[in-house]
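# Notes for the structure review
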Amino acid sequence: MSKIEHNDSIIGRKYADLPGQGAEKGAITLPGERAREPEAGEESILLTTLETAMGWVRGNSLWPMPFGTACCAIEMMSMLASHYDIARFGAEVVRFSPRQADLMIVAGTIVDKMGPVLKKIYDQMPEPKYVLAMGACATSGGFYRAYHVMQGIDEIVPVDIWVPGCPPTPDGLLYGILKLKEKIERGEIRR
Amino acid sequence: MGVIKIERKKLTFLERIYLWETAKGMMVTLRHLLRNLFNYKDLPIIEYPEVKRIYSERFRGRHILTTREDGTTRCVACYMCSTACPAECITIEAAEDDRTREKFPARYEIDLLRCVYCGYCVDACPEDAIYMTRDYELAIDTRARSVVGLRDLVVPPNMPVEPMGWRPYYGEMRKEGTAGGTGRGQEIRTAAFPDDKAPNPDLYQGDVRPASESTPARGA
Amino acid sequence: MSTPTRFSSMPYTGPAPTNRSPYIPKGVDAIDKRGEEIEAKIAAPYVTSVPGQDLPTFIVEREKIVEVLRKLKEDTELRFELPVDLFGVDYPRRPEGRFDVVYQLYSFKNNERVRLVVHTDEDKAVPSSLPVFQGFDWFEREAWDMYGIKFDGHYNLRRILTHEMFQGHALRKDYDPAQRWLLTEKDVAKIVPVVEHHPEDSDFEQVTLNLGPSHPATHGTLRIVVTLDGERIIGADTEIGYLHRCFEKMSETHTYQQVIPFTDRLNYCSAIINNVGYCMAVEKLLGIEAPPRAQYIRLVLSEFMRIADHLVCIATNVLDMGALTNFWYLFQPREEIYQLVEACCGARLLPTYTRVGGLSVDAPANFLDMAKTLVKKLPKHIDDAEKLLLRNRIFLQRVEGVGAITRESAINHGYTGPCLRATGVAYDVRKAHPYMGYETYDFDIPVAEGGDTLARTLVRLEEMRQSLRILRQAIDRGLPAGPVIVDDPYVALPPKEKVYNEMESLIYHFKLIMHGIQPPVGETYFQVEGGNGELGFHLVSDGSKNPYRVRVRPPCFAVYQAFRKMIVGQTIADAIATLGSLNIIAGELDR
Ligand code: SF4
Ligand code: SF4
Ligand code: SF4
């Protein structure tokens, strides 16, 4: 593990280890890692060349539409800013218009009052569309088991990727987007 | 009381003709550009999947349950963590080991989606049994997988403490040692829990169901 | 050696005991004396002072409240001009009426506060105080929404935080905390703003335009409806509550320690300040004080958080105006500040770092070095941003004279913080009611004239410099030695080393987690200077482990209610510039 020294930054960095060797990973199993192992028969799905190509194109040009409401939106902004620069994955074209986006990042608490708005915006997005739920609130309501908070946005819209955390770090969110990208490239999401 | 009044400065002629100021503004941008161009290493960017940020040893990421040297979980199913948890996302079912009369968790589940990563469970544990790691790459693609049980949480004995995040502090954070290694002697109870093999049915009856059964997927 | 842990063998101690001792505030005699003086000044039979409170407190007869408010405001010696807070408290089955309506006023002249309490019931309306204090507009609507307290003469008494289909009043003690009501798209109410003046001979039709709640310039959660005459706004209305996360109800269902993560999420741009405010309020109620080392670390992190808050505010404000470069430059130092916070607390944005009585864990060994590096680095970034902004004709044209508010109007609306200071009032909680040792630091309150968007930006830029000044002094002083949390087993968890090895500590540990902190019975109010102004916590304790009532005094709430008046007569682009400079944080606005 080599540290990357920086002149005037207190942020430490290091080169990532090869998969499986990471200190973060090590012997710790990720949530659902076992479940992720392909089941018999699953691998036999053959994608046509065209579909593979489509998946590749779609995965590499996600146009996010940030639906940020609360604290998570601040971390999403961090992901868009200089340190994490999402442009490296072809997803820097942040569109606030749902008509021109295909990935909705729901960052922040969705309360009952906001529910119809979220649904409307989702309906306005053109196909194919993906939804990433970021943070405890958007995914499940978090610790707000309360009279005005939606207990997870899957009550109203289908969700493709769930990013736990409160808030997830920008790297955690990037990991989610990369996972979504993989998923699209594999052609698992077909709408 | 110190009060300073900020005056607005009138724009000078040079500033008003706009071009000069534009040029000056561009200089600032250019300086940044050149500095970054010739000093690529000092760019603030963290090229995430290849380069990772080093979070501190207090980072609050995913939880683990520590084990004793013999491989049994340290957790004694005392419900302290689930009482202290503001999100009420820890579910524990206690059982008792017939041989040693020691309590242990037959089922220990954390809903990672509900969890707000506050670290209260770690602070509340009297047994040094639950730690948080620096693992932040938690994204999942099915809601049912969000509930992690003993099989995902329990780590093998003598895990190095280095990748750990938030953990109980002993006056100050301890850097050396192993996860759960407080050095206290523990009587040997049962056989070890090899990470990938089927759990000892004697000890770990929990979490043998597929995760999807324990939380029915909602919505959709 | 065997483990001392046998919880199953611990005797069952019965239900959690409650604390029955009354809360006696510090310096209560002086407060009572001042209360009598004020009572003598008002000299009215319908005002009775309540002794033994932490502020001069009076019970006022319901019908006379407006009169008393006016007297307090207009008395030349008292001049309680700033409406600080208005909220309800529910005591079901109390003979003299179910609800309390609590008013709090502040006087710049004497630097003091009063609290007025009105007893009322479900069917008895309280006269609206809008004729005296415009700033109580939304506060009264909130009390109606949450408790169903009626206010006579309020022009627009409808729900504010919850949605249109909501039934019942959520903060009443008999309301189930998890009872939700469904809102569908067709139930959403249409808001038509009141048009203030529409010239007859205008060439344009009136157009009503809806901005938000999902609009890039409203940062996701604010909804503004404007009526336009051509490009000019001739009427506007705002709707909030799109992020109402029920903080106050949630704190009633959690223990005192568990509320701390919830306070993080109020003003999420400067979370540590909220933590500190809440913890100090509980500490005031308990009559304890955090050790000097904890106070020092709290102060340093608070000031860094204030800088981060202002950075986000300016960056997003100019981003809304189209200046993208500043966004990059200003977010860069912010990331470094979060690195420091993360090194201390373990999380970047929402640290949950303080505990009642101190801190959860000591600062890392290289804390001061990191702080030093940061303090050296930050001015460069602030200068860069200033260079790009303040001598820039385009920026100045967009902000000068835009969204101005007069000093009188700002005070009457309950403004605090940078927005008030931008109108020339030098009020800062850190100077007016020093806490955590701010009185020992040398810093100035920046004020500006005009109350417009430029003034607010100037104040924020200068405030960051002042914060850096405090930080430099703090770093020079160095970390005080000592523990970071009080040594009181009824408040703070015992050190882990002891929990593992000593039976007594283990039982304290067990008890504190099961039974929580139980402060004495009473009420208290504590205020800190948040990123946007005075952030106050009013706690009511009934001696049990859960707070009976936690009231947050949100600075944004007061600031935002004047917004619809500030933008009339301007264009939409101006309105957006104004909105950004007010720094409305939805988490705090809607709670
Ligand atoms: S998940 Fe946490 S950080 Fe995200 S919006 Fe909810 S409370 Fe805020
Ligand atoms: S980190 Fe906090 S929310 Fe998560 S399980 Fe632990 S106590 Fe519960
Ligand atoms: S993890 Fe710790 S606190 Fe939780 S049940 Fe096990 S021993 Fe008790």
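Here the structure is shown first, and the text comes after it.
Structure report, in brief.

What counts as what
- Residues numbered from 1 in each chain as written.
- Chains lettered and ligands numbered in written order.
- Predicted model: local features only at pLDDT ≥ 70, side-chain atom pairs only at ≥ 80, totals over all residues.
- Heavy atoms only, no water.
- 1 Å grid on protein atoms, 1.4 Å probe; cavity = no way out; pocket = protein on both sides within 12 Å on 5 of 7 lines; lining within 4 Å.
- Points joined across faces, edges and corners; volume = space filled by probe spheres on them.
- Nonpolar A, V, L, I, M, F, W, Y, C, P; charged D, E, K, R; others polar.
- Pairing = 2+ DSSP bridges.
- Helix = DSSP H or I, 4+ residues; strand = E, 2+ residues; numbered from the N terminus.
- Buried < 20%, exposed > 50% of the residue type's maximum accessible area, 1.4 Å probe, protein only.
- Contact = heavy atoms within 4.5 Å.
- Near = heavy atom within 4 Å.
- Sits in = over half its atoms within 2 Å of the grid points.
- Axes fitted to C-alpha atoms, helices over the stretch in contact; angles between N-to-C directions.
- Right-handed = clockwise from strand over helix to strand, strands pointing away.
- Phe/Tyr/Trp six-rings, centres within 6.5 Å; stacked < 30°, edge-to-face > 60°.

### Examining empty space enclosed by the protein
Residues and elements named next belong to chain B. What the rule picks out here adds up to 13 cavities of 30 Å³ or more. Of the volumes computed, that of the largest cavity is approximately 210 Å³. Class assignment for the residues of the lining of the largest cavity results in 13 nonpolar, 6 polar and 6 charged. What the second largest cavity holds in volume is close to 80 Å³. The wall of the second largest cavity is formed by 15 residues, among which Cys-75, Cys-78, Cys-81, Cys-125 and Ala-129 lie closest to the centre. Partitioned by chemical class, the residues of the lining of the second largest cavity number 14 nonpolar, no polar and 1 charged.

### Observations regarding the pairing of strand β2 (residues 57-60) of chain C
Residue and element names in this part refer to chain C. Note that strand β1 (residues 47-50) and β2 share 4 bridges and pair antiparallel. Looking at β2, one finds that Thr-48 is bridged to Ile-59. The hairpin turn running from β1 into β2, its antiparallel successor, is 6 residues long, and Gly-52 in that turn takes a positive phi close to 80°.

### Thoughts on the side chain of Thr-453 of chain C
Residue and element names in this part refer to chain C. Summarising the element assignment, Thr-453 is placed in helix α14 (residues 453-477). Residue classification places Thr-453 among the buried residues on the basis of a relative accessible area of 0%. Residues within four places of Thr-453 in sequence aside, it is in contact with Asn-317, Val-399, Val-402, Gly-403, Ala-577, Thr-578 and Ser-581.

### Remarks on the site of ligand 3
All names here are of chain B. Around ligand 3 there are 14 residues in total, and Cys-75, Val-76, Cys-78, Cys-81 and Cys-125 lie nearest to it. Of the pockets mapped on this structure, ligand 3 occupies the second largest cavity. Taken together, the residues of the shell around ligand 3 break down into 13 nonpolar, no polar and 1 charged.

### With respect to the sheet that holds strand β6 (residues 161-163) of chain A
Residues and elements named next belong to chain A. If you trace the 4 strands from one edge of the open sheet to the other, you get β3-β4-β5-β6, paired in parallel fashion. Strands at the two margins of the open sheet, each flanked by one partner only, are β3 (64-68) and β6. Direction aside, neighbouring strands of the sheet carry axes that sit 15° apart on average. In the sheet, strand β4 (residues 103-107) pairs with strand β5 (residues 130-134) via 5 bridges, with the strands oriented parallel. Counted as the bridge partner of Met-104 is Val-131 from β5. On top of the sheet, helix α3 (residues 71-80) reaches β3, β4 and β5; it is set at about 130° to β4, its chief contact.

### Digging into the sheet that holds strand β5 (residues 103-111) of chain B
Residue and element names in this part refer to chain B. The sheet built from 3 strands is open, its strands ordered β4-β5-β7 with antiparallel pairing. Every other strand in the sheet has two partners, leaving β4 (90-96) and β7 (147-148) as the edge strands with one partner each. In terms of strand pairing, β4 meets β5 through 7 bridges, oriented antiparallel. Counterpart to Glu-96 in the pairing with β5 is Lys-103.

### Quick notes on the pairing of β5 of chain A
Where a strand is regular, its side chains alternate between the two sheet faces. All names here are of chain A. Where burial is concerned, most of β5 is hidden: 5 out of the 5 residues are buried. Of the two faces of β5, the one carrying Tyr-130, Leu-132 and Met-134 and the one carrying Val-131 and Ala-133 are both buried. Considered for its hand, the β-α-β crossover made up of β4, helix α4 (residues 115-124) and β5 is right-handed. Of the strand pairs in this sheet, β5 and β6 are connected by 3 bridges, and their pairing is parallel. The residue bridging Met-134 from the neighbouring strand is Val-163, located in β6.

### A look at the packing of aromatic side chains
Residues and elements named next belong to chain C. Tallied over the full model, the rule gives 23 aromatic pairs over all chains. For the pair Tyr-106 and Phe-108, a centre-to-centre distance of 5.3 Å together with 90° between the ring planes defines the contact as edge-to-face. Accessibility expressed as a relative area gives 2% for Tyr-106, which makes it buried. Owing to a relative accessible area of 21%, Phe-108 belongs among the partly exposed residues under this scheme. Ring centres of Phe-139 and Phe-557 lie 5.1 Å apart, and the angle between their planes is 90°; on these two criteria the pair is classed as edge-to-face. With Phe-139 in helix α3 (residues 137-147) and Phe-557 in helix α17 (residues 555-560), the pair connects residues that are 418 residues apart, well separated along the chain.

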